[in-house]
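# Structural characterization, general
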Amino acid sequence: MREILDDIDRWRAAGESIALGRVVGTDGSGPREPGAAMAVTAGSEVAGSVSGGCVEGAVVAEALELLGGGEARLCTFGYSDEQAYAVGLTCGGTVRVFLQPLPDVYDVIADALRSDRPVAMATVVEGPPERLGGTLVVLGDGDGDVHGTLGDPDLDRVVARDARGALESGISGNRHYGACGEARRREVEVFVESFAPAPRMVILGAVDFTAALARVAKILGYKVVVVDARPVFATAMRFPMADEVVVDWPDRVLTALDPPLGPRDAVCVLTHDHKFDVPAILAALPSKVGYLGAMGSRRTRDERERLLREAGVTDVDLARVMAPIGLDLGARTPEETAISICAEIIALRTGRPAPSLRDASGAIHGGD
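These figures come from a predicted structure and were not determined experimentally. (Residues numbered from 1 in each chain as written. Predicted model: local features only at pLDDT ≥ 70, side-chain atom pairs only at ≥ 80, totals over all residues. Heavy atoms only, no water.)

So, on to the nonpolar core. Counting residues in hydrophobic clusters, the biggest one holds 28 residues, and the most contacted among them are Met201, Leu213, Cys268 and Leu270. When residues of this core are traced back to their parent elements, those giving at least two are strand 11 (200-204), helix 6 (208-219), strand 12 (223-228), strand 14 (266-269) and helix 11 (334-350). It is helix 6 that contributes the most residues to this core, 6 residues altogether. Excluding anything up to four places from it in sequence, cysteine 268 contacts Met201, Val202, Ile203, Leu204, Leu213, Tyr291, Gly293, Ile325, Ile341 and Ile345. In this structure, Val227, Ile281, Val313 and Ala323 belong to the second largest nonpolar core, which totals 24 residues. (Core = buried A, V, L, I, M, F, W, Y, C linked by side-chain atoms within 4.5 Å. Buried < 20%, exposed > 50% of the residue type's maximum accessible area, 1.4 Å probe, protein only. Helix = DSSP H or I, 4+ residues; strand = E, 2+ residues; numbered from the N terminus. Contact = heavy atoms within 4.5 Å.)

In structure tokens, the structure reads:
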């Protein structure tokens, strides 16, 4: 959606009628993820893509029919193996595309996206014809303002609640409700698309491993913040890839973060110095941070855990700390270690089994 805002604004300024198409589901292989968007004008101008090329023509035809007086609609397009191969896939699949006139709440969505505010967009994609295309926009910051309607106040209330939860986790997807928001019914299907700001990785400790981890984290889309209380080490010159370098004690920075750490964020404690990392972990544990890892040998880990327990940390809380940090890949260099850490973050987020150093025993580096 973000990538087509300028085109939409230009067309609106010229008085063009616009249809918006978005991928709201796939079955099997799909060239674009849910949320991929395409806009079409009555003059057949196109911005964005919903399929990488193989069904764009059919989507444009449906959009032009809609602009000619048709209704919002859910279209399902199938790929043969040959079509899928042409757009870089190895097998066929289907894609569900919802087409609607540009929603009345477009300005709210566009303003939020341009200012990088968290926002969720909920759209009725299946249900009673008069409900199709109903759009609710939920802003995730401030007072959590809600704009638009899905056609029923009770449905609006329930979907707004669910949209806030989806926005917090950064997840987009389809949900089913009764006509008035009842649970465990399927009269209405709503596609909830989350536009969340980039997740944050807060790296504590301006050490050699920090530069490598910041580079890998940026590739993965994180906003990277490097924190160290030592001004001689915490400099923008040493970490040009970081979005922010803060000279302060890590625990004070974590406590003052605004907004607070959430499930999509990560904290990586690389200091392996108890006077830095114990207060930092104590500050991070009360948050909702999705990943908390700490570098150091097993001996360092054991001593750190002793100090944390003395400070009142429970076994349940200690289980959140991935220490030693990273997957058990045999990493040695800063770059290999950075990949090990980011791989562990991905595995933890997706729930896939992967061997963490925390769960192994013996030397961290093979042969040591």
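This part takes up helix 11. Its 17 residues place the ends of helix 11 24 Å apart at the C-alpha level, agreeing with the 24 Å of an ideal helix rising 1.5 Å per residue. Taken residue by residue, helix 11 has Thr337, Ala338, Ser340, Ile341, Cys342, Glu344, Ile345 and Ala347 as its buried positions. Lining the buried residues of helix 11 we find strand 11, helix 6, strand 14, strand 15 (291-294) and strand 16 (321-322). At the C-terminal side of helix 11, glycine 351 shows a positive phi close to 75°. (Expected span 1.5 Å × (residues − 1).)

Looking now at a nonpolar patch on the surface. Residues Ile219, Leu220 and Ile346 make up a contiguous nonpolar surface patch of roughly 290 Å² in combined accessible area. Along the polypeptide, isoleucine 346 turns up in helix 11. (Patch = residues over 30% accessible without salt bridge, like charges linked within 9 Å, V, L, I, M, F, W, Y side chains within 5 Å. Areas by Shrake-Rupley, 256 points an atom, 1.4 Å probe, with all protein chains shown as cover. Salt bridge = Lys/Arg side-chain N within 4 Å of Asp/Glu carboxyl O.)

Another point: unusual backbone geometry. The residue after aspartate 258, namely proline 259, is reached through a cis peptide bond having omega 0°. Here proline 259 shows up in the loop between helix 7 (250-256) and strand 14. Residue serine 44 is not a glycine yet carries a positive backbone phi of 70°. Look at serine 44 and you get partly exposed, because its relative accessible area is 42%. A positive phi angle is found at aspartate 116, which is not glycine, with a value near 60°. One can find aspartate 116 in the loop between helix 4 (106-114) and strand 6 (119-126). By relative accessible area, aspartate 116 is classed as partly exposed at 44%.

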